[in-house]
Structures are given as structure tokens and as C-alpha cells.
Amino acid sequence: MHYSLVLLLGLFSPLTQGILTREREIESRVIHERHIPHPSYNAAHQPPANLSLPLRIGLKQRNLALLPTELLAISDPASPLYGRHWTPAQVLEAFAPPEEAGEIVRRWLVSEGVGKERVRWSADKAWIDVRSATVGEVEKLIGARYRVFRRGEEEEYIACDSYTLPRSIADVVDIITPTVQPNTKLAEVRRSLPHNGVSHEREVKRASVAVTGCDKAVTPDCLKALYNMTYVPQATDRNSMAIVNYYSNSYLQSDLDMFFANFSPALLGKSPELVSIDGGTLELDESSSVGEAGWVLQYAMTLAQPQPVKLLQLGNKQTGEFRSFNEWLDAVDASYCTSNGGDDFTYDPQLPNPRPGGLNEHSCGALNPPNVVSNSQADHEYRFSQFYLERQCAEFGKLGLMGVTVLYAAGNTGVSGAQSGYCLDRNGAMNLNATNFNPAWPASCPWVTTVGGTQVKANATVAPGAEEVWNEDLTSGFFLSGGGGFSNRFTTPGYQKHAVKGFLGGLKKTDPGLVKHFNARGRAYPDLSANANSFVNVDNGEFVLSSGTSGAVPTVASIITLVNDARIAAGKTPVGFINPAIYSPAFASAFNDITSGTSQGCKGLQGDRGGGFKAGRGWDPASGLGTPNLGLLIEKWLELP
Ligand SMILES: *[C@@H]1O[C@H](CO)[C@@H](O)[C@H](O)[C@H]1NC(C)=O
Ligand SMILES: *[C@@H]1O[C@H](CO)[C@@H](O)[C@H](O)[C@H]1NC(C)=O
Ligand SMILES: *[C@@H]1O[C@H](CO)[C@@H](O)[C@H](O)[C@H]1NC(C)=O
Ligand SMILES: *[C@@H]1O[C@H](CO)[C@@H](O)[C@H](O)[C@H]1NC(C)=O
């Protein structure tokens, strides 16, 4: 069952003739948002003017300009307020849109002929919802031309190329939906290797006792040895950690148990705590896959044990695979949640969904945010409008204010974010001949912590210095490597300026030509990295090897969870937003610097791996600050208030 009326994205030039004409007539209007072309969407036809269009207007929040300063004040190790996180109520109070903004928009709608009774203002004051609007009415209201686009066989989306607003309205509005936004079908950054080498228990057992062999098959013991993980948790009842997982991924308990029997017998029979978001369920259906969720859970549960792990499971067969990062954000923060004023269902699944058979629930603020949230998914930054990116990124920052560590994968394809070798052309569109680096999202948001990938060098024994940038050949001629690069939308945050400057200084000497392919003033990622290569795991009853930053993220999530345990046991707060701390000079010795290996570049660029980044001393966009040393990180973080 697909929505016939969700979304957007077209291949048209941003301005149609009609819009230009309209703009000349009404001088005071400004173009508020434009779409970014995506190669895989096809324009179909024009929608009938009487088609209903659920119009939602997202108001600009207050005080967002203060967010970086406030976040730094509680997360910079040099700050006297370090660790003094905010309550959700304080966050809501500080950033809610001003009352006047809603009034201004309401007055405008009424002056344009929208009946008062059709305008609804959400309880959190963040959204205005216009009932029973039609395509024809909205086209006039926001100076847009809608088209229906087709993706795949059945899915149809509605979108416009751009839209305009009177300047006074543009000043108080963030986004209007449905308009220019792309549908986010989340790219899973994961690839299972064929069932080679490790196909039965005995071989796997051998790999688990020797911490040699970690170049070929990685087990929990390899990771514990690589990252100095000997700490035993003491405060699990006061700590929390979550894995975010989207339909149609699920797991089999029998897979977990087969893994635990080999690597962590104390966990036999244990399951993650299911937290259902937007109808999330573990029931398997014909579309379900059991690979990635099982792999991620096997490692997170084993490395953090006995800390219970929550599984934030999003969506189900009814909601389909049309998913958004906003769903779990809605679930942990009612002030962000779109459902009070109507779902932002151009990006986000339409919930509750009024269509026959549609899901009639939406998780909104029902969940206390866990201390650490591990996200193994990645999308492309270029696909989203700036308003949408800023709104979502600010939300990650607000979670940081509340003391939550948000971890995201850097992607599996070096500088091309979430799809191997595809970079951006001069128009900002993705294609195989393009040569501008193509950052991943939310990896490029300055308020998340982004995890890149490493591997154990061939034949190396596990010890500091044993790792290099993860880099694996694919038969297609592409390479997999940990993602890394520079945002085109967010500038370099203060906490990493020094580190990034050091890297760029070196690059200008060794490879000056590379700088023109990326935005050297952008937020740089990854922040840190961890093994992404050849994890032994159980998938549908068989031992397999899986690779990807999907596995690096739960490893780092476990490590931060153990640091939180040590701090909580010592009467301190969780670490929250970790970036200002990990980039500070005092923490440098708690990371294994990764100094060799190159990430994948653009298919359209000649030369060594298409201009991928080389790892070197200190921070670099191939490996971040390096891989963590848990024992030393705990020492550092226990020294902080
Ligand atoms: C829209 O108009 C067409 C004909 O102009 C009509 O057949 C159709 O029923 C209308 N649809 C709605 C939802 O009113
Ligand atoms: C890429 O370049 C090749 C060879 O010049 C050309 O045939 C192809 O159409 C180009 N593809 C795109 C998407 O521009
Ligand atoms: C690793 O060891 C194998 C077997 O001894 C050998 O063939 C291979 O060349 C070694 N690789 C490296 C990079 O040393
Ligand atoms: C591992 O951590 C412990 C503290 O738990 C520390 O004493 C030790 O030096 C660390 N080992 C390495 C190799 O860094």
C-alpha cells in the first residue's frame, strides 16, 4: 500500500515561466525554497486542481542562534557548567516559536481567503495546519506549480519546484509541506559478504580466542582488545542506551542466541527492550530482512553487557519503508513532534494515516531520551532544503543540551556520502561523472557525533597502530570505505576548527588540487572511527561476515555507554554531546591515531581512488580523531565535573 499523495522532487528547472510571471506582479514575495534534482525521480503528470493537499506550515523557532553557545557551555570541558544538562521543559521553553509568528501566519491565511475554521495551530505552537486545502488553492497561495512524480512502479509523490512567500511570512516560517522536499527512503549503509570463511561455529570459536586474525574476521574480543575495553559496568539500572532500527529490518532471537552462545554466554535468552515507534513491531513478514538489526544488536548487547539495550523500532508493513530520521526525534521530544499540527509528511510518513488501511498512530514525546542513541543509517545532505536540515540539526543539538549522545554512521563510500562514487555536479545534483564531494546526512550536522570506519591491517596483531582506514574492493570497481568529508551547508564548528585547520594545512602542501572539490569551510566529519570490517555475526542461522560503518556505530555507542556508567557510578552526569570534549587537547591521548589508508573518492575524478582523503597524523576526514581507548577515555571523563 503506497501513499498516492506524498512527496516530491522533480527534474524540472527550478523556476517555471508561470512562477516568474507571478513574481514580477507581486514584488514583495521571495522564493522561500527550491527543490534539488534527484536522478531517480521521474515527472509524471499535473495533479487536478481539486485534489486535496494537506498543507502544513512549520514556524521558525525562537533563540536557535543561541543553541551553539548554550550547547558548548554544558559540553566544553573547560566550561564551569560542564555536564549541567537541561530538562526537556527548559528546552521547550527556550526554543518554542513566538506567539506572534503564529498570529502573523494566521492573519495572512485569512486575508488570502482561507476560512478561520480551517486553520489549526498545534499545541506546541510549532505548526499551522490548513484543513481541506486543494492543489489549486495552495498553488495560488504560495506561487507554486505542483506535479506528480513517480518513483519505482507504484509510488507517486506530489511536489513543486519552488514556492514564494510574502517577505513578512517568509521571516517567520521555516518550511511548508508538501512542497519541494525529497522523499527519504533511508539508505542502509550495509553490505553482507557472502557466507565465506566463517560458516560454522568451530571456526568462529577459533577466531574468538586468538586476537590475531582480526584482519580477516572481527569478533567482540578483537574489539575489546583494540579499544581497551575491560571496564565492567556498575550502574546499569541508572543508565540507558538505544539502537534505532527501521522497518523492514528485524532480528531473530535464535540468531542472537547463537551469537551469544559463542561470544557472551551470560546473554543467552536475552532480548533488547522493544520500544515501538510509529507502530514498530518485530513481527516478520515477506519484506523483512533480519541481517543488519541482528548484527548491530549482537555487538551492542555483547560489548555493553550487562547494560540492557533498547531497540527503537520504527514503522511496520502498513507504514512501509518510507521513513524519516524525524520519527525517533518526534518520539523523544514532543516539542519537535509534528503530529500535533499534522505530520510533516513530505519527508515523514503520514501518521496517523487517514487512508484505508493506514496506520492510526504516531509516537510523539512518549519516550525519555536514552543517554546514547546509535544510528547506523545515512542519507545525502544535498537532497534536503536548508530549512529542513537546520531544523533537524537543531533538534540533535537540543538532545545534546538534554545530555544525549547522538551517534550517526559516516556512510560507507568515502567522500560520496551514501552512494559509492556518485559526487555532485555544478548544479548540486548527483551523477557519476561529477567531481564535487557529496556529504552524508546527518553525518554533516555539527551537533551529532559521526563515526567513520577502520580495519585491522593485513596480518597485524591487535595493538595500537594495528588499524588503517577501512577500504574494501567491490567487484563493480567501486570501493567501500568509511565516509568522510565537509558539509556544503554547515560551517566548521568551533570545537573542530583547530583540528581541521591542521589537516587543511597539510593537504595544501601534499595535494593542493583536492581542495577545490569540497567546501573547506564546512563542518568536517567523521569525528572518530571504529572498525567497520568483517564482523562475525549470525544472520538467519548462519555465521556471516558483515562490513560497514553500521557496525562501527554500535561499537562506539557501547564505549560511550560504558563511560556513562563510570560517570554515573561516580555521581556524575552522562557525557551528552561529546564533540567539544573529544577534540580538546587533553583527550588526544585517549584515541589511537589512524595514519594510513585512503577513503573512496568520486568516480568522476582521476587518480588515486578518485581523490579520496588520505589518513595522516591527527584529525583527518578519512578516520576522524582515530579510534577510542575506553580505559583512557574513562580516566579523562572522570576528571571532568
Ligand atoms: C475533481 O474534478 C473532477 C472533474 O473536474 C471530478 O471528476 C472529480 O470527482 C473531482 N475530485 C474531487 C476530489 O472533488
Ligand atoms: C558521463 O560521461 C560519459 C562519457 O563522457 C557520458 O557518456 C555520460 O552520459 C555521462 N553521464 C552523465 C550522467 O552525465
Ligand atoms: C599476510 O600473510 C599471508 C600468509 O602468510 C601472506 O601471503 C601475505 O602476503 C601477508 N600480507 C601482508 C600484507 O603482509
Ligand atoms: C587501558 O586502560 C587502562 C585503564 O583502565 C589503562 O591503565 C591502560 O594503560 C590502558 N591500556 C592502554 C594500552 O592504553
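What counts as what
Residues numbered from 1 in each chain as written. Chains lettered and ligands numbered in written order. Predicted model: local features only at pLDDT ≥ 70, side-chain atom pairs only at ≥ 80, totals over all residues. Heavy atoms only, no water. Buried < 20%, exposed > 50% of the residue type's maximum accessible area, 1.4 Å probe, protein only. Helix = DSSP H or I, 4+ residues; strand = E, 2+ residues; numbered from the N terminus. Arc of directions from axis to C-beta. Contact = heavy atoms within 4.5 Å. Core = buried A, V, L, I, M, F, W, Y, C linked by side-chain atoms within 4.5 Å. Disulfide = S-S within 2.5 Å. Pairing = 2+ DSSP bridges. Axes fitted to C-alpha atoms, helices over the stretch in contact; angles between N-to-C directions.

All right, on to helix H16 (residues 630–639) then. Within H16, the full set of buried residues consists of Leu630, Leu633, Ile634, Lys636 and Trp637. Along the axis of H16, the buried residues cluster in a sector spanning 165°; they form a single face. Residues of H16 that are exposed and point more than 90 degrees away from the buried face comprise Glu635 and Glu639. Those residues of H16 that are buried lie in contact with helix H14 (549–569), helix H15 (579–582), strand E30 (591–592) and strand E31 (627–628).

With 133 residues, the main nonpolar core has Trp328, Phe396, Trp447, Phe486, Phe613, Trp619 and Trp637 as its most contacted residues. Formed by 31 residues, the second largest nonpolar core is a distinct cluster that contains Val30, Tyr163, Leu165 and Ile176.

On to the environment of Thr87. With respect to the helices and strands, Thr87 occurs in the loop between helix H2 (67–75) and helix H3 (88–95). When its relative accessible area of 38% is taken as the criterion, Thr87 is described as partly exposed.

What follows is about the state of the cysteines. All told, the structure shown has three disulfides when counted by the stated rule. One disulfide bridge connects Cys393 with Cys445, the sulfur atoms lying 2.0 Å from each other. Across the S-S bond of Cys393 and Cys445 the torsion is about 85°, and the bridge reads as right-handed. In this pair, Cys393 is assigned in helix H12 (residues 386–401) and Cys445 in the loop between strand E20 (440–441) and strand E21 (449–456), connecting sequence segments 52 residues apart. For Cys445, a relative accessible area of 0% puts it in the buried group. Here Cys423 is linked by a disulfide to Cys602, with a sulfur-sulfur distance of 2.2 Å. Residues Cys423 and Cys602 share a disulfide whose torsion about the S-S bond is about -90°; that sign makes it left-handed. Of this pair, Cys423 sits in strand E18 (residues 423–424) while Cys602 is found in the loop between E30 and E31, placing the two residues 179 residues apart along the sequence.

With that out of the way, let us pick up the sheet that holds strand E9 (residues 173–177). Ordered in space as E4-E5-E3-E9, the four strands form an open sheet in which the pairing is antiparallel. At either margin of the open sheet sits one strand with a lone partner, and together these are strand E4 (119–121) and E9. Each strand axis lies, on average, 20° off the axis of its neighbour in the sheet, ignoring direction. Pairing geometry for strand E3 (residues 55–59) and E9, over four bridges, is antiparallel. Opposite Gly58, over in E9, you have Ile175 as the bridge partner. H12 rests against E3, strand E5 (127–130) and E9 of the sheet, and its axis sits at about 115° to E9.

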